[in-house]
Protein chains: 12
Amino acid sequence: MSAKVKRILVLHGPNLNALGTREPAIYGRATLGDIHGLLEALARQLGCEVECRQTNHEGVLIDALHSAKGGADGVLLNPGGLTHSSVALRDAVLAAGIPVVEVHLSNPCARETFRHTSLISGAAVGVVQGFGPAGYELALRGLMGVLSRDQA
Amino acid sequence: MSAKVKRILVLHGPNLNALGTREPAIYGRATLGDIHGLLEALARQLGCEVECRQTNHEGVLIDALHSAKGGADGVLLNPGGLTHSSVALRDAVLAAGIPVVEVHLSNPCARETFRHTSLISGAAVGVVQGFGPAGYELALRGLMGVLSRDQA
Amino acid sequence: MSAKVKRILVLHGPNLNALGTREPAIYGRATLGDIHGLLEALARQLGCEVECRQTNHEGVLIDALHSAKGGADGVLLNPGGLTHSSVALRDAVLAAGIPVVEVHLSNPCARETFRHTSLISGAAVGVVQGFGPAGYELALRGLMGVLSRDQA
Amino acid sequence: MSAKVKRILVLHGPNLNALGTREPAIYGRATLGDIHGLLEALARQLGCEVECRQTNHEGVLIDALHSAKGGADGVLLNPGGLTHSSVALRDAVLAAGIPVVEVHLSNPCARETFRHTSLISGAAVGVVQGFGPAGYELALRGLMGVLSRDQA
Amino acid sequence: MSAKVKRILVLHGPNLNALGTREPAIYGRATLGDIHGLLEALARQLGCEVECRQTNHEGVLIDALHSAKGGADGVLLNPGGLTHSSVALRDAVLAAGIPVVEVHLSNPCARETFRHTSLISGAAVGVVQGFGPAGYELALRGLMGVLSRDQA
Amino acid sequence: MSAKVKRILVLHGPNLNALGTREPAIYGRATLGDIHGLLEALARQLGCEVECRQTNHEGVLIDALHSAKGGADGVLLNPGGLTHSSVALRDAVLAAGIPVVEVHLSNPCARETFRHTSLISGAAVGVVQGFGPAGYELALRGLMGVLSRDQA
Amino acid sequence: MSAKVKRILVLHGPNLNALGTREPAIYGRATLGDIHGLLEALARQLGCEVECRQTNHEGVLIDALHSAKGGADGVLLNPGGLTHSSVALRDAVLAAGIPVVEVHLSNPCARETFRHTSLISGAAVGVVQGFGPAGYELALRGLMGVLSRDQA
Amino acid sequence: MSAKVKRILVLHGPNLNALGTREPAIYGRATLGDIHGLLEALARQLGCEVECRQTNHEGVLIDALHSAKGGADGVLLNPGGLTHSSVALRDAVLAAGIPVVEVHLSNPCARETFRHTSLISGAAVGVVQGFGPAGYELALRGLMGVLSRDQA
Amino acid sequence: MSAKVKRILVLHGPNLNALGTREPAIYGRATLGDIHGLLEALARQLGCEVECRQTNHEGVLIDALHSAKGGADGVLLNPGGLTHSSVALRDAVLAAGIPVVEVHLSNPCARETFRHTSLISGAAVGVVQGFGPAGYELALRGLMGVLSRDQA
Amino acid sequence: MSAKVKRILVLHGPNLNALGTREPAIYGRATLGDIHGLLEALARQLGCEVECRQTNHEGVLIDALHSAKGGADGVLLNPGGLTHSSVALRDAVLAAGIPVVEVHLSNPCARETFRHTSLISGAAVGVVQGFGPAGYELALRGLMGVLSRDQA
Amino acid sequence: MSAKVKRILVLHGPNLNALGTREPAIYGRATLGDIHGLLEALARQLGCEVECRQTNHEGVLIDALHSAKGGADGVLLNPGGLTHSSVALRDAVLAAGIPVVEVHLSNPCARETFRHTSLISGAAVGVVQGFGPAGYELALRGLMGVLSRDQA
Amino acid sequence: MSAKVKRILVLHGPNLNALGTREPAIYGRATLGDIHGLLEALARQLGCEVECRQTNHEGVLIDALHSAKGGADGVLLNPGGLTHSSVALRDAVLAAGIPVVEVHLSNPCARETFRHTSLISGAAVGVVQGFGPAGYELALRGLMGVLSRDQA
């Protein structure tokens, strides 16, 4: 029996809609659209489907993580600034009950002290940070590996 | 003259919609619906009315606390993960100007260190934690006691 | 076969003997005797027995928790100021091996910083705080619920 | 050529809708409507336009800061309780790419310890706190000064 | 009866005499003389009198705050580096018994960590920071507003 | 009408029974008996009565503070090592409802870091430390002054 | 001339009476009686005498340490939970003036953070932890070595 | 041969000149002149001489402590707000080489957290706090006792 | 002109030689040899060369990072336990002057607190953690992306 | 069948080669050779074999712990100054997979603050500290007890 | 053209006037006069001029640093106890705009914890500490080297 | 009798071999060879001999410090990144039993927070930092002064 096509939800948190114009020295010139293009191309190659969403609302992210349960096989999550303050988002990652990979475009450890710790990482299966848009591709590969390993 | 029937608002914060399936080792198998059933039965017994809402949005919780002012006599609030991070929610509890009781299904003090302090407790009239769904019943009794004591 | 009548030990720690005269703005005017009256009335209603003790000695509290093992089915414990400093009392709660509910008349989180953390809570099954004497009633109900749930 | 009329966005965060009735000992009796009246009168005098919004939702504030980019020349922001916890709002202030002035009605440094540090201030061009409603007027003057200086 | 002309003392603390040449990237090119010119012009407009002093000595600042009691109606105080270390200056602000507004040219929260907390703010009626020389004008307006409000 | 003779309770906490032989480099060679002699002589001179007790038990100290309420007019308390750890003793000082003066033979601030803060001082009317046995005499004089001032 | 038979006091602090039934995953199945048997057998072999006491009262431990001065040549002390909170017990160890060895059945450093530091260790001649009941035997050997070395 | 009359320097630090009018709820209504009167009367009784000085300048206090070496036999020092921040003043107390007693009118431990630790106490021979003006009398007695004990 | 084949140095720090047998619940069953096999296969696919080394010596890692300058185009570094303690290794990463990617098999943020911060991350171009052996593959892809981007 | 003779590896970390001459007030006059003599004599008595090594290199200690796996039945480890800083050594203790006992000649808890916590203890089966050279003998006895208990 | 003779200002902060008599175990027996003699001799040798000042007043130090701008080529500064508390002095070092070398007679890192961090060092070009009076000579050589290097 | 020629060991720790190419904005362009040239020239002038070694291995540094005992009269030590993390190196400095001077090319206090404290300084006789290569010359002069002073 052939394996079902995996559905991956890609969630971008606060301020990532501003990508490309927001502090380009830190976040680069690529837009969310560019990143979605990269992910869709890679998804075709890896035989999975990606659905991409961005929101500046913590609550919407939590809602989306809940609906992912059943509606998706795994999640790529860039929590933006909520990384460092949201216990509720951490709880939602755990509540989702499917593998969640945390992605950061920049390297938070090379920035202000309050960005050096993540409330999300302890609940994620893995973390990729510092690679810019390419980090989403790495995270998608990593997530697909986790899913196929779990299936085995 | 007979006393007016008390109206109690029950507010559940982030991730509590997932109750019953979310980390059952910690939160148990009861659903929000089960809890609402318990509360409605007890409300009938105590002669009050309960209205139950859940949201994953901090802002919606704050809105609800504001609208409770005038629309309700007291509040049962389970702030979920916002307990440990939301100064705005604490401010809303104070702004509501009616008694708010904080409820937790689990015992946060027996979990990760970042769950050991609550920004909400200092603004609540009382706290009930660790009793699972039954904690809401205790909190409703406690809140009714506070309301009748204040009335006296 | 009818269930055995539950025996509940109620333990009050340091300074609670002064209730009614000690800092009434914080602790109210009710005395320990009043609280015992409330608990005995509720115990009759719930079909259990309560035995109430107060001591200013940490060691006596620990002794009592040990003797509760076998001699009681559950404990209501108001540790007073020991809440924030006694690792030995926490150990005794665990050593008792029966459910212990922590009760506070006031809401410690709304007071000095050194009262914001409890060494006891992490070892208790539940916590009730801020409801004054009525909090003991809630705690007794909560404890009875835990005992009947464990029995089921 | 005559200078274009400056458009200023005024953003009020969580709980500021309750102004006038919420903890009047701290926040005073003026309402948001009163403050908007003051700002509109001053704006006419200074030759600028103000648009005033209030929301209890962090995400709506972030959305508004993003839309201010292009739609406004500067922002007056009272982040309410989010001041002390929201990294995402700080990021949005930076993403807006236009001058943002932080305003507080009360003096947070004279209140609880958790209000003594601001995540927003480090991203704002200036801060005005402690002057009640008049602080918004000072902030508008300050912001207009920054805008004319930048233009020069 | 016409109101008495308000007398405002403007106190600049350590290193502000070096304004204009000291770290201009942070503090700008304006000198204390320039700031005094701005304040005198505004004072004439607002119908008050300003007296401006600068000193590098904590003790002289404290002496001046004491003598302001009776000799002035309010104070604008830029405590310079003493902001972050001087309990004695905080005590003097309280001892002055008249409204004191704290002013900073730069935004201390955007600089080294040891500049993120102020011992003075908790004793001041209001704070204005980050607007450069114009901040003194805002502070004077704010102070005059406080004085007329207190008089009403 | 002549004033009633004041009764002063002198309480020595843990390890003070060992005075004279315990770490004489820190605590000196005088015994508790010597100190009681000094206090009785001074009490005769000041027209008051002293009753002196020592115990190594926190609970006994708390019991004694409670019984002092009504049985004594004021207390001299050397809490020994409990100074730095006992919230329960602090609560008892407040519960006593009569003036309590804290005394230390040595200067705790010149010793280990964990002796630099006192949980008791914030509840005492005054503190005398570092003067050896003579500190008790100073404390008795100070307490008598407080009592006569309160009476006035 | 033959050396005098050494007398060793063995002191067990809070909750150690519950040994064998208390949290056996951490503390094992041996009882205090078993440990006393081991110690007495070893004492015969090493030519010393042991006297064993257990108490849940800090004050009784302090009393015993004082009476050990003169009545014993050395002490084995398992302070239980007092290890992490009792300055008074540390002072008593120093006041005893004879060698005291600290013993722990479990390895506190492998447990909760609040068990990672000991107030007692800095006053003890040596520490033995993590070996279960056998740790008392090692501690007795270690103490006898210290005593014979001091004698030499 | 008769003993030389002791000369005692009394040093009051920042803001103590405002005594009587400064925050009377905390510091009382007595002025420095009243305190000097008390001290001079007691000095006559004890057979010593007091010289009293007040300054708001840290440097003047340090100068005075240096000149006390040789010019005085002991010092009463109320460091005011410098208590909590001045390492230089602590060094000066040590440099003086004569006994220095620290005095506080209020009880700093019952006030803001930043007043709970003293940099001076570790260098002083003794501390008296919380007794208002009478504390200076106690301190003078204590200092005289130290001087006569050192002489013996 | 064709691009030069990239040479990638793979450095494994302390205890990674024990992979496969060391704490398999955390680190899995794969050995370093398995990981090297994965990397060599991927390197062929990506058109680069990998050289793999493991050492338990901080100094050898630093030597290797220095020799990588000139001898390699990029580095994959799993610093093991040195991640949390070695400033010298961080300095070596910076001294290498070529892109270094930090890899962790496990997710340190889900383990002991002392593993939650990394001294290395702030000096690395990117971090991949939590994916087990597959994380090295992701890191190699990420590093190759960085190198080709830098070349462009 | 007779039990196999146990092989015990004794590892001394940095600076222990200097024993006997290094800070003798803290570490005593015995040399490593003396300690090895003691251990060999005791090993003969207990029927085991000891192999003793000293190194100043963290990496060599880690290598040795790895090679102990299979080559030894247990380890005595004095980590020297690495106790307080080396996560890598802690990991190696866990990787060894055989019982490791931590030994210290001095009592680190009675020294500088940075010596009060051990990264190693949480991974060791037991700790012996403060007994000088005899501590190694106690540790060997303790380790042999652990090994025979595990075998049972 | 020959280089201008460099003028070096030597500033000694609080308590350094007491050198020679103040805590000689820490600071030695040399006086400020001795140090000035050393510096003048070395200045002649190095072809520069030194002007030496001491003050116990923070404000005078700041004034002197300001006047050094233009009046001197570099500064040797021993900030005494202000090292650890004065942000204003740090600001003055930066405001001086010429190289400042920080000197300490003793090694603050080997003393109390509050002397382990310096607010001044981060603003100085270099630091010399622990060499007693000779440290000033080293600092003068170091400063001359900086000045000639800057000139080159 | 002529004094013996002093032998000075110069030890450079991790990453100092990369001097001249490593982060030249911080560490400058001079190489270790350049520094050794400077030191040899100065040694000839001062009549001493220098032997220079560099290693990236903590253990080799410790070995060298031990062998310096007897083989050298003093040590110049630049511990590199080990400054902030190595207790073992601190212990080795003490074990060497000869004067050790700590040298840093850059000024660590003007860099990341984790470089602001040194574990080595408290064990060194003196520290020289921030002067670049010339700092080694100053340190050699300082060390020679210490050696001649000790000899006197």
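Just above sits the structure.
Some words on the pairing of strand β1 (residues 6–12) of chain I
Residue and element names in this part refer to chain I. By the criterion of burial, β1 is predominantly enclosed, with six of the seven residues buried. Strand direction decides the pairing type here: β1 and strand β3 (residues 74–78), joined by five bridges, are parallel. By the bridge assignment, I8 is partnered in β3 with G74.

Considering the relation of the copies chain C and chain B
Between the two copies, chain C and chain B, the superposition gives an RMSD of 0.0 Å; the rotation angle is 180 degrees and the shift along the axis is 0.0 Å. Expressed as a symmetry operation, the mapping of one chain copy onto the other fits a two-fold axis. Closest approach to the rotation axis among the C-alpha atoms of chain C is made by C:V128, whose C-alpha sits 2.3 Å away. Of all interface residues in chain C, 100% are interface residues in chain B too; the two copies therefore contact each other through one and the same surface.

Quick look at helix α3 (residues 58–71) of chain F
The end-to-end C-alpha distance of α3(F) is 20 Å, a good match for the 20 Å that 14 residues give at a rise of 1.5 Å each. Every buried residue of α3(F) is accounted for by F:E58, F:G59, F:L61, F:I62, F:A64, F:L65, F:H66 and F:A68.

Digging into the relation of the copies chain K and chain H
Note on the identical chains: chain K maps onto chain H by a rotation of 120 degrees and an axial translation of 0.0 Å, with an RMSD of 0.0 Å. The symmetry that links the two subunits is that of a three-fold axis. When each C-alpha of chain K is compared by its distance to the rotation axis, K:S85 comes out closest, at 3.8 Å. Comparing contact sets, just 12% of the residues at the interface of chain K also lie at the interface in chain H, consistent with a heterologous contact between different surfaces.

Some words on the state of the cysteines
Counting across every chain of the model gives zero disulfides over all chains. With no disulfide of its own, A:C48 lies closest to A:C52 among cysteine sulfurs, the gap being 10 Å. Overall, the relative accessible area of 7% leaves A:C48 in the buried class. Lacking any disulfide linkage, A:C109 is separated from the closest cysteine sulfur, that of I:C109, by 8.0 Å.

Structural notes on the sheet that holds strand β4 (residues 100–104) of chain B
Taken in spatial order, the 10 strands make up an open sheet running β2(B)-β1(B)-β3(B)-β4(B)-β5(B)-β5(C)-β4(C)-β3(C)-β1(C)-β2(C), and their pairing is mixed. Because the sheet does not close on itself, it has two edges, and the strands there are β2 (48–54) of chain B together with β2 (48–54) of chain C. On average, adjacent strands in this sheet sit at an angle of 20 degrees to one another, irrespective of strand direction. Taken together, the four bridges between β4(B) and strand β5 (residues 126–129) of chain B define a ladder with parallel strand orientation. Each bridged residue has a counterpart across the sheet, and for B:E102 the counterpart in β5(B) is B:V127.

A word on the environment of H:Q54
All names here are of chain H. With respect to the helices, strands and loops of the structure, Q54 is situated in strand β2 (residues 48–54). What makes Q54 partly exposed here is its relative accessible area of 27%. With near-sequence residues (within four places) excluded, Q54 lies in contact with H12, G13, P14, N15, L16, N17 and L32. Within the local environment of Q54, its side chain forms a polar contact with the backbone oxygen of G13, the two atoms lying 3.0 Å apart. A polar side-chain atom of Q54 sits 3.0 Å from a polar atom in the side chain of N56.

Side note on the sheet that holds strand β4 (residues 100–104) of chain L
Pairing within the open sheet is mixed, and its 10 strands lie in the order β2(K)-β1(K)-β3(K)-β4(K)-β5(K)-β5(L)-β4(L)-β3(L)-β1(L)-β2(L). Here the strands that pair on one side only, and so sit at the sheet edges, are β2 (48–54) of chain K together with β2 (48–54) of chain L. Between one strand axis and the next, the sheet turns through 20 degrees on average, direction left out of account. Sheet topology note: the strand β3 (residues 74–78) of chain L/β4(L) ladder contains three bridges and is parallel. Across the sheet, L:L76 pairs through a bridge with L:V101, a residue of β4(L). On top of the sheet, helix α2 (residues 32–46) of chain K reaches β1 (6–12), β2 and β3 (74–78) of chain K; it is set at about 165 degrees to β2(K), its chief contact. Helix α2 (residues 32–46) of chain L rests against β1 (6–12), β2 and β3 of chain L of the sheet, and its axis sits at about 165 degrees to β2(L).

Looking at the arrangement of the chains
Kept free of each other, chain B and chain J leave a smallest C-alpha distance of 19 Å between them. The least C-alpha distance between chain C and chain L, which are not in contact, is 28 Å.

Thoughts on α2(L)
Residue and element names in this part refer to chain L. For α2, spanning 15 residues, the distance from its first C-alpha to its last is 21 Å, which sits close to the expected 21 Å at 1.5 Å a residue. Those residues of α2 that sit buried are L32, I35, H36, L39, L42 and A43. Projected onto a plane normal to the axis of α2, the buried residues spread over an arc of 130 degrees and lie on a single side. Exposed and facing more than 90 degrees away from the buried side of α2 are R44 and Q45.

Let's talk about the pairing of strand β5 (residues 126–129) of chain J
Burial along β5(J) is two-sided: the face carrying J:G126 and J:V128 and the face carrying J:V127 and J:Q129 are both buried. Bridge count between strand β5 (residues 126–129) of chain G and β5(J): three bridges; the pairing is antiparallel. If you follow G:V127 over to β5(J), its bridge partner there is J:Q129.

Section: the interface of chain K and chain H
With 17 residues of chain K at the contact, the number on the chain H side is 16 residues. Of the roughly 1,300 Å² buried where chain K meets chain H, counting both sides, 52% is carbon and sulfur surface. On the chain K side of the interface with chain H, the three residues burying the most area are K:N15, K:N56 and K:H57, jointly 35% of the side's total. Connecting chain K to chain H are two salt bridges. Residue K:E112 pairs with H:R90 through a salt bridge whose shortest N-O separation is 3.7 Å. Applying the counting criterion to the chain K and chain H interface returns seven residue pairs in polar contact (both at pLDDT 80 or more). Tallied by class, the residues present in the side of chain K that touches chain H amount to four nonpolar, eight polar and five charged.

Considerations on the packing of helix α3 (residues 58–71) of chain G against helix α4 (residues 87–96) of chain G
Residue and element names in this part refer to chain G. α4 packs onto α3 with a crossing angle of 10 degrees between their chain directions and a minimal axis gap of 8 Å. Between α3 and α4, the angle is such that the two are roughly parallel. Counted together, E58, L61, I62, L65, H66 and K69 of α3 and A88, L89, A92, V93, A95 and A96 of α4 form the full contact between these two elements. Across the contact of α3 with α4, the residue classes tally to nine nonpolar, one polar and two charged.

Section: unusual backbone geometry
Most peptide bonds take the trans form, and the phi angle of most residues other than glycine is negative. Notably, A:N15 is not glycine yet its phi reads approximately 75 degrees, a positive angle. Summarising the element assignment, A:N15 is placed in the loop between β1 (6–12) and α1 (24–27).

A word on the side chain of D:N15
Accessibility expressed as a relative area gives 0% for D:N15, which makes it buried. In this structure, D:N15 is in contact with B:I62, B:H66, B:A88, B:D91, B:A92, B:A95, D:R22, D:Q54 and D:N56, ignoring residues within four places of it in sequence.

Overview of the pattern of salt bridges
It is possible for side chains bearing opposite charge to pair when their charged atoms get close. All names here are of chain L. This structure, assessed with the given rule, holds 46 salt bridges over all chains. For R115, the salt bridge is made with E112, and the minimal N-O distance between the two is 2.7 Å. Judged by relative accessible area, which is 4%, R115 ranks as buried. Exposure remark for E112: the relative accessible area of 25% places this residue in the partly exposed category.

Considerations on the interface of chain C and chain B
Opposite the 22 residues of chain C that make contact, chain B presents 22 residues. Sorting the residues of chain C by area buried against chain B places C:V127, C:F131 and C:L138 first, and these three jointly supply 31% of that buried surface. Joining chain C to chain B, the criterion identifies zero salt bridges. Counting across the interface, chain C meets chain B through six residue pairs in polar contact (both at pLDDT 80 or more). At the level of elements, β5 (126–129) and α5 (134–151) of chain C are the ones that each hand at least two residues to the side of chain C that touches chain B. Of the residues assigned to the side of chain C that touches chain B, the class counts are 11 nonpolar, nine polar and two charged.

Describing the environment of D:L65
Residues and elements named next belong to chain D. If you trace the backbone, L65 turns up in helix α3 (residues 58–71). Using a relative accessible area of 0% as the deciding quantity, one classes L65 as buried. The spacing of L65 and A41 is 24 residues in sequence and 24 Å in space, taken between C-alpha atoms. In contact with L65, not counting residues within four places along its chain, are L11, V75, L89, A92, V93, A96 and V100.

Considerations on the environment of K:L32
Relative to the helices and strands, K:L32 is located in helix α2. The residues contacting K:L32, other than those within four sequence positions of it, are K:H12, K:L16, K:N17, K:L19 and K:Q54.

Criteria and thresholds
- Residues numbered from 1 in each chain as written.
- Chains lettered and ligands numbered in written order.
- Predicted model: local features only at pLDDT ≥ 70, side-chain atom pairs only at ≥ 80, totals over all residues.
- Heavy atoms only, no water.
- Buried < 20%, exposed > 50% of the residue type's maximum accessible area, 1.4 Å probe, protein only.
- Helix = DSSP H or I, 4+ residues; strand = E, 2+ residues; numbered from the N terminus.
- Pairing = 2+ DSSP bridges.
- Least-squares fit on C-alpha atoms with pLDDT ≥ 70 in both.
- Contact = heavy atoms within 4.5 Å.
- Expected span 1.5 Å × (residues − 1).
- Disulfide = S-S within 2.5 Å.
- Axes fitted to C-alpha atoms, helices over the stretch in contact; angles between N-to-C directions.
- Polar contact = N/O pair within 3.5 Å; in protein donor to acceptor, adjacent residues only side chain to side chain.
- Arc of directions from axis to C-beta.
- Buried area = accessible area lost by both parts, 1.4 Å probe.
- Salt bridge = Lys/Arg side-chain N within 4 Å of Asp/Glu carboxyl O.
- Nonpolar A, V, L, I, M, F, W, Y, C, P; charged D, E, K, R; others polar.
- Parallel < 35°, antiparallel > 145°, perpendicular 65-115°, else oblique.

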